[in-house]
Amino acid sequence: MAITALRQQAADELRDLVDLEGSAFPGLEWVWLALQTRGKLLSSEDGGFAWGLLPLLVIEAAGGEPRTGLPVAAAADCLIAASDVLDDVEDGDSPTGLERACGTATAINVATLLVFMAQASIHQLRDQGLRAEVVCIVSRVLTRAAVRACGGQQRDIDQDDGLLSESGYLEMVEAKSGALVEGLCRAAAIVAGASIEAVEWYAQFGRYLGMA
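This is a predicted model, so every value here is computed, not measured. (Residues numbered from 1 in each chain as written. Predicted model: local features only at pLDDT ≥ 70, side-chain atom pairs only at ≥ 80, totals over all residues. Heavy atoms only, no water.)

Trainee: What exactly am I supposed to notice about the overall build of the protein chain here?
Mentor: Tallying secondary structure elements over the protein chain gives nine helices and zero strands in all. For the protein chain, the succession of helices and strands along the chain, N to C, is α-α-α-α-α-α-α-α-α. For the protein chain, the C-alpha atoms occupy an extent of roughly 45 × 40 × 35 Å along the three principal directions. Across the 212 residues in the protein chain, those meeting the buried criterion constitute 48%. Distance between charge centres in the protein chain, computed from 15 positive and 30 negative side chains, equals 6 Å. (Helix = DSSP H or I, 4+ residues; strand = E, 2+ residues; numbered from the N terminus. Buried < 20%, exposed > 50% of the residue type's maximum accessible area, 1.4 Å probe, protein only. Lys, Arg positive; Asp, Glu negative; His and termini not counted. Charge placed at Lys NZ, Arg CZ, Asp CG, Glu CD.)

Trainee: Sorry if this is basic, but what is going on with the environment of leucine 130 here?
Mentor: One can find leucine 130 in the loop between helix H6 (104-123) and helix H7 (132-158). Since its relative accessible area comes to 12%, leucine 130 is described here as buried. When the C-alpha atoms of leucine 130 and glutamate 29 are compared, they prove to be 33 Å apart, with 101 residues separating the residues in sequence. Beyond its immediate chain neighbours, meaning those up to four positions away, leucine 130 contacts Thr68, Leu125, Val135 and Val191. (Contact = heavy atoms within 4.5 Å.)

Trainee: Please explain the packing of aromatic side chains as it appears in this structure.
Mentor: The relative placement of two aromatic rings is captured by the distance of their centres and the angle of their planes. Under the criterion given, the structure shown has one aromatic pair. A centroid spacing of 5.2 Å and a plane angle of 85° characterise the contact between phenylalanine 49 and tryptophan 51, whose relative ring orientation is edge-to-face. Take tryptophan 51: its relative accessible area is 22%, and that puts it in the partly exposed class. (Phe/Tyr/Trp six-rings, centres within 6.5 Å; stacked < 30°, edge-to-face > 60°.)

Trainee: Is there a simple way to think about the environment of glutamate 133 in this case?
Mentor: Mapped onto the elements, glutamate 133 comes out in helix H7. Glutamate 133 gets classed as partly exposed once you look at its relative accessible area, which sits at 44%. Counting along the chain gives 42 residues from glutamate 133 to alanine 175, while the straight-line C-alpha distance between them is 27 Å. A polar side-chain atom of glutamate 133 sits 2.8 Å from a polar atom in the side chain of arginine 131. (Polar contact = N/O pair within 3.5 Å; in protein donor to acceptor, adjacent residues only side chain to side chain.)

Trainee: Teacher, can you tell me more about the side chain of threonine 68 here?
Mentor: By secondary structure assignment, the location of threonine 68 is in the loop between helix H3 (53-61) and helix H4 (70-91). Beyond its immediate sequence surroundings of up to four residues, threonine 68 is in contact with Leu125, Gln128, Leu130 and Val191.

Trainee: Quick question: what am I supposed to make of the state of the cysteines here?
Mentor: Cysteine pairs can be linked by a disulfide, which is a covalent bond between their two sulfur atoms. In the structure shown here, the tally under the stated rule is zero disulfides. Between cysteine 102, a free cysteine, and cysteine 78, which holds the nearest cysteine sulfur, the sulfur-to-sulfur gap is 16 Å. (Disulfide = S-S within 2.5 Å.)

Trainee: Even after reading the chapter, I still don't get the pattern of salt bridges, so can you show me in this structure?
Mentor: Think of it this way: side chains of opposite charge can pair up when their charged atoms draw near. All chains considered together, the criterion is met by 12 salt bridges. Across the pair arginine 15 and aspartate 12 runs a salt bridge, and its minimum N-O distance is 3.1 Å. Residue arginine 15 and its partner aspartate 12 are located together in helix H1 (residues 3-21), separated by three residues, close to a single helical turn. The salt bridge involving glutamate 182 is made with arginine 186; its shortest N-O contact spans 3.1 Å. A residue pair is termed a helical-turn pair when its members lie 3 or 4 positions apart in one helix, as glutamate 182 and arginine 186 do in helix H8 (residues 166-191) at four residues. The class of arginine 186 is buried, set by a relative accessible area of 16%. What you see here is one network of salt bridges that share partners, running through Arg148, Glu182, Arg186, Glu200 and Arg207. (Salt bridge = Lys/Arg side-chain N within 4 Å of Asp/Glu carboxyl O.)

Trainee: Would you mind showing me how to read H3 here?
Mentor: In an α-helix there are 3.6 residues to a turn, and that puts residues three or four apart on one side. Turning to H3, its buried residues number three or more, namely Leu53, Leu54, Pro55, Leu56, Val58 and Ile59. Backbone geometry just downstream of H3 places glycine 63 in the positive-phi region, at approximately 95°.

Trainee: Honestly, a nonpolar patch on the surface in this entry has me stumped. Any pointers?
Mentor: Taken together, Leu164, Tyr169 and Leu170 make up a surface patch of nonpolar side chains, about 250 Å² in accessible area. As for its placement among the helices and strands, leucine 170 is situated in helix H8. Looking at leucine 170, the relative accessible area reads 38%, which means it is partly exposed. (Patch = residues over 30% accessible without salt bridge, like charges linked within 9 Å, V, L, I, M, F, W, Y side chains within 5 Å. Areas by Shrake-Rupley, 256 points an atom, 1.4 Å probe, with all protein chains shown as cover.)

Trainee: I keep staring at the environment of arginine 15 and nothing clicks. Help me out?
Mentor: You can call arginine 15 partly exposed: its relative accessible area is 34%. It is 24 Å that separates the C-alpha atoms of arginine 15 and aspartate 87, two residues lying 72 residues apart in sequence. In contact with arginine 15, other than residues within four places in its own chain, are Gln8, Trp32 and Leu42.

Laid out in structure tokens, this is it:
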């Protein structure tokens, strides 16, 4: 399937998710803003990469039907957007961080909402015909990935940059962005029905991509 069409379908899935799960949220404008930043499906960048595309490309590469994974695509964008917002709040060094526009408390609340919307999106895999046990596995994979990413972020917060070695930096990013992207690729391969061995290869690809 053409990338442009796939991205459009994923963007529509994300809009539907926000309309369904977040329409009553008082700070909805900030949710949309977080989801329109660089690397997101709703970004204004023409032809730019979007994280929500990654699970769909993995599913297609693994021999599955990409549209089956649209809920994973929406969840991916929500999780990445949430982590970006929280990273900006915690580091306090981004001139374009969401907290600059709406305040720290609201930015944290928006990130929390995005995490829960990602969980809600995964449950919509049942509407794509996936068995309940598969949906449960996918949910657990992404939850574990997010937990690992939080650990990596804490190491980033706690570290002394002056004492950080190359190996220490690589270990930190592997546990941070590496873990999150690994989880997205692992979940996508599972949705595609890939073999256990293939799932591990796609997960390894995601780990390295996230680190890069």
